Amino acid sequence: MRRLTLLMALLTTTVISINAEELESQETNAEKATIEVPAWVKNIKFSGYGMLQYQGTDQEGAESNTFNLRLARFILDGKIGDFDWRAQIQGTNVKGPGEPTVQLVDLYAEWRKYPEFKIRAGQFKRAFTYENPTHPITQGWRGYADVINNLSGFGDRTGEKSSGGRDIGVQISGDLFPNAEGRRLLHYQVGVYNGEGVNEKDKDNRKDIIGGFWVMPLKGLRIGAFGWTGSRGGMLDPLTGEVRSVEKNRYAFSAEYSQDEYMFRAEYLHSQGWAGKIEDGVRKIVYSKGDKADGWYAFGIVPVIKGKLHAKARYQCYRAQKEWGTAKTSYEAGLNYFFTKNLEMHFEYARINDRSLQKHDYNMVDVELDFRF
């Protein structure tokens with residue numbers, strides 16, 4: 001009987017101990033469950049993309065036949081209250097003057113509470129042209145048009161290092177006048193920037209002012225205009241030996257129709273201001289390239305098999321001195337094939353006429369495999 005009593009006491013003690021441990025565990029789990037992750041952390045999204053390229057050309061004296069890692073980008077997007085933010089890092093082996101292999105290209109926050117008035121601050125795309133802010137994959141070609149590369153702040157004719165059309169500054173924008181369907185008929189954007197490109201402080205304490213607007217009279221159609229006035233500082237004048245600024249006065253006219261996988265776009269850009277280059281780490285004015293340049297492009301991309309195969313054609317011309325003797329003209333055609341929405345292949349042939357070369361005409365073939373994650 002005594003043994004039974006002892007056994008019952010031991011079992012009771014064990015059960016009480018187990019229950020106490022369970023209660024303690026439940027309380028700990030309850031405490032863990034009440035720990036909330038901040039909303040801004042939940043809203044962070046990691047994404048990116050890569051662009052793999054093969055390109056061949058028979059340009060006399062510069063023949064090429066090579067595979068290339070065109071571009072890789074890693075992106076963090078997030079939201080804090082009424083603010084959206086983005087941080088984007090780029091890696092590429094295509095170097096411009098003084099361009100590093102890896103660099104920060106986007107870092108900004110934007111207040112977006114009202115569609116009529118948004119304000120963005122940081123480093124981001126300049127408010128100039130339709131093609132500038134277009135995603136490199138969505139853009140659909142072997143590269144941006146030559147006139148965009150030279151006059152929209154990519155590898156700028158002033159010698160600015162390749163920046164993908166970006167600068168550091170503040171921009172306001174908005175969409176006005178919604179119609180009965182809720183589609184807004186007018187867009188505006190105005191920005192104030194350093195005028196030096198990515199990851200650069202202002203060199204002359206003067207700011208670039210860039211603005212534009214477009215109207216959207218029909219679904220998918222927009223027609224717009226842009227203006228740009230500013231300077232690039234710290235330029236060595238080879239005639240006087242002085243260091244001074246070079247003016248940048250530019251404008252653009254743009255039209256685009258994009259609907260149901262059909263895309264048509266045309267733009268004309270004009271620039272006034274001396275060209276420049278970076279030589280041995282020094283910014284220099286290049287008077288021989290003149291103080292005016294212009295160019296244009298037009299393209300169409302249409303579905304052959306919707307969601308799978310698109311055909312494309314592009315005509316473009318860039319005049320480095322706004323003279324036909326300096327014109328570089330390209331006639332291009334190709335196909336874009338979509339394995340999935342995140343994996344596509346681009347095929348392109350270009351016949352190029354460059355009047356600055358002794359032999360003007362040459363051919364180029366480009367194949368790209370692009371993916372997103």
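Only a predicted model underlies this, so the values are computations on that prediction, with no experimental measurement involved. Sequence order as written defines residue numbering, which begins from 1 separately in each chain. The model is predicted, so local features are restricted to residues of pLDDT at least 70 and side-chain atom pairs to those at 80 or more, both for listing and for counting; the totals for chains, interfaces and linings are taken over all residues. Heavy atoms from the whole structure form the basis of all side-chain values; hydrogens and water molecules are not counted.

**Details of the side chain of Asp237**
Here comes step 1: Secondary structure elements follow DSSP: runs of H or I of four or more residues count as helices, runs of E of two or more count as strands, with numbering from the N terminus. Residue placement: Asp237 occurs in the loop between β9 (221–236) and β10 (243–259).
Here comes step 2: Partly exposed residues are those whose accessible area sits between 20% and 50% of the maximum for their type, while under 20% is buried and over 50% is exposed, using a 1.4 Å probe and protein chains only. For Asp237, a relative accessible area of 5% gives the class buried.
Here comes step 3: Residues adjacent in sequence count toward polar contacts only when both atoms are side-chain atoms; beyond that, a polar contact is any pair of N or O atoms within 3.5 Å, and within protein one must be able to donate a hydrogen and the other to accept it. At 2.8 Å, the side chain of Asp237 forms a polar contact with the side chain of Tyr287.
Here comes step 4: Contacts are assigned to residue pairs with any non-hydrogen atoms lying within 4.5 Å of each other. Beyond its immediate chain neighbours, meaning those up to four positions away, Asp237 contacts Glu242, Arg244, Ile285 and Tyr287.

**Quick notes on unusual backbone geometry**
Here comes step 1: A positive phi is found at Thr129, a non-glycine position, where the angle reads about 75 degrees.
Here comes step 2: Its place among the elements puts Thr129 in the loop between β5 (117–125) and α3 (146–151).
Here comes step 3: Look at Asp260: it is not a glycine, yet its phi comes out positive at around 50 degrees.
Here comes step 4: As for its position among the elements, Asp260 is in the loop between β10 and β11 (262–272).

**As for the nonpolar core**
Here comes step 1: Think of a nonpolar core as a cluster: buried Ala, Val, Leu, Ile, Met, Phe, Trp, Tyr and Cys residues, connected wherever their side-chain atoms sit within 4.5 Å. Among the nonpolar cores identified, the biggest contains 26 residues, and Phe128, Val147, Ile148 and Leu269 are the most heavily contacted of them.
Here comes step 2: Among the elements of the structure, α3, β8 (208–215), β9, β11 and β14 (292–305) are those that each provide at least two residues to this core.
Here comes step 3: Counting residues per element, this core draws most heavily on β14, which supplies four residues.
Here comes step 4: Those residues in contact with Ile148 that sit more than four places away from it in its chain are Thr129, Glu131, Gly153, Phe154, Glu267, Leu269 and Tyr297.
Here comes step 5: Ranked by size, the runner-up nonpolar core spans five residues in total, among them Tyr49, Met51, Ile75 and Ile137.

**Describing the confidence of the model for the protein**
Here comes step 1: Every residue gets a pLDDT, meaning the predictor's confidence in that residue, from 0 to 100. Mean pLDDT over the protein stands at 89; residues scoring 70 or higher make up 88%.
Here comes step 2: Scored below 50 in pLDDT, residues 1–21 makes zero contacts in the model with residues more than four places away or belonging to other chains.

**A word on the pairing of strand β13 (residues 282–286)**
Here comes step 1: Here, strands pair whenever DSSP counts at least two bridges between them. Sheet topology places strand β12 (residues 275–279) next to β13; five bridges connect them, and they run antiparallel. Bridging across to β13, Ile278 finds its partner in Arg283.
Here comes step 2: Linkage of β12 to β13, two consecutive antiparallel strands, is achieved through a turn of two residues, within which Asp280 is found at a positive phi near 55 degrees.

**Describing the pattern of salt bridges**
Here comes step 1: Salt-bridge detection follows one rule: a side-chain nitrogen of Lys or Arg within 4 Å of a carboxyl oxygen of Asp or Glu. Under the criterion given, the structure shown has 29 salt bridges.
Here comes step 2: For Lys118, the salt bridge is made with Asp175, and the minimal N-O distance between the two is 3.7 Å. Residue Lys118 is found in strand β5, and its partner Asp175 is found in strand β6 (residues 166–178); the two are separated by 57 residues along the sequence.
Here comes step 3: Owing to a relative accessible area of 17%, Asp175 belongs among the buried residues under this scheme.
Here comes step 4: Taken together, the shared-partner salt bridges in this structure form one network comprising Lys79, Asp84, Glu110, Arg112 and Arg120.

**Focus: the side chain of His346**
Here comes step 1: Relative to the assigned elements, His346 resides in strand β17 (residues 343–354).
Here comes step 2: Overall, His346 belongs to the buried group, its relative accessible area being 3%.
Here comes step 3: A distance of 2.7 Å separates polar atoms of two side chains, one belonging to His346 and the other to Glu344.
Here comes step 4: Not counting the four nearest positions on each side in its chain, His346 is found in contact with Ile137, Gly140, Trp141, Lys312, Leu335, Asn336, Asp366, Val367, Glu368 and Asp370.

**Things to note about the packing of aromatic side chains**
Here comes step 1: Any pair of Phe, Tyr and Trp rings, taking the six-membered ring for Trp, is counted once the centres come within 6.5 Å. Such a pair is stacked with planes under 30 degrees apart, edge-to-face with planes over 60 apart, and tilted for the rest. Counted under the stated rule, the structure contains 22 aromatic pairs.
Here comes step 2: With 5.2 Å between their ring centres and 85 degrees between their planes, Tyr130 and Trp214 make a pair best called edge-to-face. Residue Tyr130 is found in the loop between β5 and α3, and its partner Trp214 is found in strand β8; the two are separated by 84 residues along the sequence. Comparing Tyr130 with Trp214 shows no difference in burial state: the two are buried.
Here comes step 3: Seen in terms of ring centroids, Tyr268 and Trp296 are 6.2 Å apart; in terms of plane orientation they differ by 25 degrees. Their pairing is stacked. With Tyr268 in strand β11 and Trp296 in strand β14, this residue pair connects regions lying 28 residues apart in the sequence.

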